[in-house]
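# Structural overview
Listed below, chain by chain, are the residues.
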Amino acid sequence: MNSHNLKIINFHDLEAVSYPIIKILGNVEVAFCQKESSGKVLLTLNGIEYSTNLRDNVFKFLIELHNSKNEITVSYCCDALNLTIQYVPKDLLNTVIPLYVICEGHDGCFQAPLKERNDPESACKRIMLCLKLLQCVTAEKLYEHDLGRKTFQIEDNCQIFKSSVNYLDAQEMNQVQLWQNIGKDIISNFSGSKNKKYLAFLSCTKYCGEQYIDDMKTHEELLEITKGYVALGGGNLALFGTASLFTWPEQFDDVINRFEDMTPIDRTQFLDDSCYRGTVGACFSTTLGSVLHELYHTFDLGHSKDGIMGRGFDNIGKVFTNSQMCKSFSFHNKIEFKEQLSTCSLKDVEKSIKKDFTVIRRTEEVDDTLLTKSCAVLLSFHRWFNNYPNQSSHLSFDSSNKVVKSTAGVRVVEIRQVDDELILYSWVFVSKVLKFSFQIPEDVLNELNNQNLIILVEDSVGCILKEEFVA
Ligand SMILES: [Zn+2]
Ligand SMILES: [Zn+2]
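Notes on the structure in this doc start here. From a predicted model like this one, the values you see are computed outputs, not experimental measurements. (Residues numbered from 1 in each chain as written. Chains lettered and ligands numbered in written order. Predicted model: local features only at pLDDT ≥ 70, side-chain atom pairs only at ≥ 80, totals over all residues. Heavy atoms only, no water.)

## Focus: the pattern of salt bridges
Note the threshold: Salt-bridge detection follows one rule: a side-chain nitrogen of Lys or Arg within 4 Å of a carboxyl oxygen of Asp or Glu. Secondary structure elements follow DSSP: runs of H or I of four or more residues count as helices, runs of E of two or more count as strands, with numbering from the N terminus. For every residue, the accessible area obtained with a 1.4 Å probe (protein chains only) is divided by the maximum for its type, and the residue is called buried under 20%, exposed over 50%, and partly exposed between those limits.
All told, the structure shown has 18 salt bridges when counted by the stated rule. Note that R149 and E15 form a salt bridge whose closest N and O atoms lie 2.7 Å from each other. Of this pair, R149 sits in the loop between α1 (120–144) and β10 (159–166) while E15 sits in strand β2 (residues 15–17); the two residues are 134 residues apart in sequence, bridging distant segments of the chain. Accessibility classification places R149 together with E15 in one group, the buried group. A single salt-bridge network, built from bridges that share partners, covers K115, E116, R117, D119, E121, K125, R126, E250 and R258.

Shown next, in the form of structure tokens:
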């Protein structure tokens, strides 16, 4: 036995998680063996058997846990191991509420091919399932940074929200207008909701395929013939259109197949939001990644040059699948990423300004979907990832001598550009020995040369200070 050195890389026995869908990563040695092997790795969970292929001796399983104890057996050829994982949802004060927004006069059905269900119930199933995938990605990313498997908590159900905004009016609005108007409507309906963030999907997004002509090459041109398109997050609301919701699976068992689905998107009927890859799987991956990017903005993250908070979210499917997804960016290594981002609160909506953001994408890495260190640390101490009952702190920034102070201990300091919140410099302090003050180093200030910038600081109890200053 144990002739293949079968190992689970990312979990140990008796580990507990606070979210239901987990990724199990492992490896084996494909050594000579007396037994005739099928070449597949098998996993049994609560009586259900899954199987997967090896890729460079590595295997991945995506599994859905039951409440409390989950007995897992993994086997390959003559080798096997057992693993128990506990699933215990965390009772966090601050949560994310998924919403499916149906505007006045709209039937609530999202655009989809005939073979796909597209009623509000189906929409809610897809949204809930895919949010659980994003909980899993987040936990794995923090784990990769040695920050433990922390993640945000979602409410038990996706709620249907009937907006008083008429759907024909909504279809004429631009992204910022949608975010403002739908946002106002949501906030006024959920009073006393400072502990909630809303992740809302708009049912009435409509891609006008009859206006599509073969000359249309860029994503921007396709968006011009899409009514009610939005992907925007900030404050307490992230809002999305539903032109690609049909590419999201409804059932857990379909997740991997969907990511690997090479069916081309028919541009005469549906929005191809796949970062120029043109398949259902790529569309699912790109739009799921963009939801994570916008959700992270509501958790106060800025932009990074690379990774999820840059434009490195298109291959989020690779976090889950063990296959090589279609090669991306072979013809388009320069991606214009235009996002109208806003970080003001919904009460300050009138102040929000349209901003553009351009990133030149570099060579693709094998390990895609990167979360930079300061982003990961910011999330790991964030109030949507932890309960800090009755803990308060005094957090300050002295703009004359450039010193940050927190009575609870400083965890993250970032210097961001004003126009697009691109993180230029960052410092993180994760050790048990607390850092009560931090001064921006002289050489950094010299480099920044009197620019108007943003400083963002987070401390040990999730207090956040964000203000403009002159370097
Ligand atoms: Zn064997
Ligand atoms: Zn952004």
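There is more to say after this.
## Some details on the sheet that holds strand β6 (residues 58–64)
Test applied: Two strands pair under a simple rule: DSSP has to find at least two bridges between them. A contact between two residues is defined here by any heavy atoms of the two lying within 4.5 Å. In this analysis, axes come from line fits to C-alpha atoms, helices being fitted only over the stretch in contact, and the angle between any two N-to-C directions falls in the range 0 to 180 degrees.
One open sheet accounts for 3 strands, arranged β1-β3-β6; its pairing is antiparallel. The two strands at the open ends of the sheet, each matched to only one other strand, are β1 (7–8) and β6. As paired strands, β1 and strand β3 (residues 21–27) are joined by 2 bridges and run antiparallel to one another. For K7, the partnering residue across the bridge sits in β3 and is N27. Contacting β3 and β6, α1 crosses the sheet at an angle of about 50 degrees to β3.

## Quick word on the coordination of the zinc ion (ligand 1)
When a metal carries six donors in an octahedron, the ideal angles between them are 90 or 180 degrees, while four donors in a tetrahedron ideally lie at 109.5 degrees. What counts here: Here the coordinating atoms are restricted to nitrogen, oxygen and sulfur within 2.8 Å of the metal centre, or 3.2 Å for Na, K and Ca, and because water is not among them the sites may look incomplete. By the criteria applied here, four donors are tetrahedral when all angles lie between 85 and 135 degrees, four are square planar and six octahedral when opposite donors are over 155 degrees apart and every other angle lies between 65 and 115, and any other arrangement is irregular.
Around the zinc ion (ligand 1), the protein contributes the donor atoms H4 (NE2), C33 (SG), C77 (SG) and C78 (SG), at 2.1 to 2.4 Å from the metal centre. Each of the 4 donor atoms around the zinc ion (ligand 1) contributes to a set of angles spanning 101 to 127 degrees, which defines the coordination as tetrahedral. Here the donor residues for the zinc ion (ligand 1) map to a single chain with the spacing H-x28-C-x43-C-C. Pair noted here: H4 is in the segment before β1 and C78 is in the loop between β7 (68–76) and β8 (79–87), with a separation of 74 residues, a long-range link.

## Describing unusual backbone geometry
With a phi angle near 55 degrees, E421 is a residue other than glycine that sits in the positive phi range. Of note, E421 is situated in the loop between β18 (410–417) and β19 (423–428). Residue E421 is classed as buried on the basis of its relative accessible area, which comes to 4%. Although it is not a glycine, N449 adopts a positive phi angle of roughly 50 degrees. Along the chain, N449 turns up in the loop between α8 (442–448) and β21 (452–459). Classification of N449 as exposed rests on a relative accessible area of 57%.

## Comments concerning the pairing of β18
Among the 8 residues in β18, 7 count as buried, and that is most of the element. In the sheet, β18 pairs with β21 via 7 bridges, with the strands oriented antiparallel. Considered in β21, the bridge of Q417 is made with L453. For β18 and β19, the ladder comprises 5 bridges, and the chain directions are antiparallel. The partner of E414 across the bridge, within β19, is S426. Taking the residues between adjacent antiparallel strands as the criterion, β18 and β19 are bridged by 5 residues, where E421 takes a positive phi near 55 degrees.

## Considerations on helix α7 (residues 373–380)
Taking burial as the measure, the 8 residues of α7 include 7 buried ones, the bulk of the element. Listed in full, the buried residues belonging to α7 are S374, C375, A376, V377, L378, L379 and S380. Contacts made by the buried residues of α7 are with α1, α6 (280–298), β18, β19, β21 and β22 (464–470).

## Quick look at the sheet that holds β19
An order of β19-β18-β21-β22 is seen for the 4 strands of this open sheet, with the pairing classed as antiparallel. Each edge of the open sheet is held by one strand with a lone partner, namely β19 and β22. The sheet shows a mean angle of 15 degrees between the axes of neighbouring strands, taken without regard to direction. Docked against the sheet, α7 engages β18, β19, β21 and β22, running at close to 130 degrees with respect to β18.

## So, α6
Short version of the rule: Here a helix's expected span is defined as the number of its residues, less one, multiplied by 1.5 Å.
Taking 1.5 Å per residue as the helical rise, α6 with its 19 residues ought to reach 27 Å, and the 27 Å between its terminal C-alpha atoms agrees with that figure. Counting buried positions over the 19 residues of α6 gives 19, a clear majority of the element. Once α6 finishes, D300 follows within two positions and takes phi at roughly 75 degrees, a positive value.

## Quick look at the pairing of strand β17 (residues 403–406)
Alignment of strand β16 (residues 395–398) against β17, held across 4 bridges, turns out to be antiparallel. Residue pairing for β17: S396 is matched across the bridge by K405. Where β16 hands over to β17, the hairpin turn is made up of 4 residues, of which K402 adopts a positive phi near 60 degrees. Of the pairings in the sheet, the one linking β17 to strand β20 (residues 437–439) comprises 3 bridges and is antiparallel in character. Residue V403 lies in a different strand from β20, and its bridge partner there is Q439.

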